[in-house]
Amino acid sequence: MAPRGLRESSGRASDWRPGKRTIAFAATVLLAAVFTYLAVRGVNWHSAWRALERCDAWWLVPAMAAFAAQTVMRAMRWRSLFAQDRRPRRGPMLAATMIGYLFNNIMPARAGEAARVVALAQSTSTPAAEIVGTVVVERAYDVLSVLLIFFCASPWLPHETWFTAAAILAGAAAVGLATVIWMLAVHGDRPLRWIVRPLGRLPGLSVERVEREAATLAEGLSGLRERRVAFEALVWSLAAWMTAALWAWLVLLAFEPSRGFGAGVLVTVVIGLSMIIPSPPAAVGVFEAAGVLALKAYGVSASAALPYALVLHVSNFVPLVVVGAITLRYAARQPSRSRRGATYT
């Protein structure tokens with residue numbers, strides 16, 4: 001038996017073991033630090049400050065109009081993923097979208113995805129499981145749209161060594177998505193029922209309840225099962241991403257007036273692909289590193305690219321946080337009014 005002093009010291013040591021939150025926080029800080037280092041590596045800060053001073057801020061006016069338009073388009077894309085006879089109203093969809101963006105910008109690991117599910121479930125009669133299904137499908141449409149834009153635009157983009165890795169990623173994503181679509185088209189919601197059935201053995205759950213929730217979740221996968229829903233969602237998705245490319249390009253013109261629209265497309269593609277990985281709050285560091293990497297393909301130095309990436313990030317962060325906070329406050333003060341809008345259209 002261990003001596004008492006050793007037992008006490010061991011007990012104190014166990015009290016200091018890092019919990020899951022501590023580990024998650026440390027991982028978030030480490031991820032942000034690594035990508036921040038990649039973004040600022042090789043930057044001449046004097047040159048970067050001069051580039052920021054020389055920028056033509058008037059280009060930010062049309063850029064912010066494009067940013068607002070693509071934000072609304074994303075909300076409408078999310079709404080289009082619901083079955084046509086089960087779509088929530090546009091107002092609650094837009095409000096939940098803004099609340100989700102708020103939490104994505106202030107919390108790590110894309111916590112806004114869960115926040116917007118809760119926000120929409122509380123303001124409409126749509127089941128949470130169905131909403132979760134549309135959120136999962138939406139992420140697939142994001143990846144698919146970015147890769148489609150990338151491959152369509154690639155003949156006009158500079159060629160970099162990392163394009164091969166992007167092609168491999170595209171192929172893997174396409175195969176995975178095609179497999180899911182085939183399974184849902186052939187077998188309906190039976191694969192989902194089979195996957196979740198073991199959960200019925202858990203205390204407080206039953207096989208019937210789990211299968212019922214699986215059927216509800218399958219309703220949210222209409223964007224993969226119904227061709228008309230899928231086509232509408234893809235159109236909204238491509239429109240939103242191309243408008244985002246317009247926003248990125250207009251901000252770029254404030255720093256690099258000679259750059260063509262293709263540069264905005266490449267910046268959008270690289271940033272979009274970088275969002276696949278779990279991110280720190282507001283994708284700090286990840287966003288900047290992606291912007292610098294994209295402009296490197298055009299021969300833009302890190303000292304000139306970093307100010308652009310920072311301004312692009314701020315023009316994304318500030319409006320979403322401000323509008324999201326206002327929307328959240330309004331939703332919290334007017335719960336009954338939100339619930340009166342809980343109808344399908």
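Residues numbered from 1 in each chain as written. Predicted model: local features only at pLDDT ≥ 70, side-chain atom pairs only at ≥ 80, totals over all residues. Heavy atoms only, no water.

Before going further, it helps to examine the packing of helix 3 (residues 45–54) against helix 15 (residues 302–333). Interhelical geometry of helix 3 versus helix 15 gives an angle of 50° and a closest axis separation of 8 Å. Taken as axis vectors, helix 3 and helix 15 run oblique relative to one another. Between helix 3 and helix 15 lies a crossing of right-handed hand. Across from Trp45, Ser47, Ala48, Ala51 and Leu52 in helix 3, the residues of helix 15 making contact are Ser303, Leu306, Pro307 and Val311. A breakdown of the residues in the contact of helix 3 with helix 15 according to their chemical character gives seven nonpolar, two polar and no charged. (Axes fitted to C-alpha atoms, helices over the stretch in contact; angles between N-to-C directions. Helix = DSSP H or I, 4+ residues; strand = E, 2+ residues; numbered from the N terminus. Parallel < 35°, antiparallel > 145°, perpendicular 65-115°, else oblique. Left-handed = near helix turned anticlockwise from the far one by under 90°. Contact = heavy atoms within 4.5 Å. Nonpolar A, V, L, I, M, F, W, Y, C, P; charged D, E, K, R; others polar.)

Enumeration according to the criterion identifies 12 salt bridges in this entry. Residue Arg86 is joined to Glu130 by a salt bridge in which the shortest nitrogen-to-oxygen separation is 2.6 Å. Here Arg86 is found in the loop between helix 4 (60–80) and helix 5 (90–106), whereas its partner Glu130 is found in helix 7 (residues 128–153), with 44 residues between them in sequence. One salt bridge connects Arg87 with Glu232, and the closest N-O pair in it is separated by 3.1 Å. With Arg87 in the loop between helix 4 and helix 5 and Glu232 in helix 12 (residues 227–253), this residue pair connects regions lying 145 residues apart in the sequence. (Salt bridge = Lys/Arg side-chain N within 4 Å of Asp/Glu carboxyl O.)

Let us look at the layout of surface pockets. The computed volume of the largest pocket comes to approximately 830 Å³. If you trace the largest pocket, you find 42 residues lining it, with Arg74, Tyr101, Arg110, Trp241 and Met275 closest to the centre. A class-by-class count of the residues in the lining of the largest pocket yields 22 nonpolar, 12 polar and eight charged. Space inside the second largest pocket adds up to approximately 540 Å³. (1 Å grid on protein atoms, 1.4 Å probe; cavity = no way out; pocket = protein on both sides within 12 Å on 5 of 7 lines; lining within 4 Å. Points joined across faces, edges and corners; volume = space filled by probe spheres on them.)

By themselves, these are just geometric observations and shouldn't be taken as functional.
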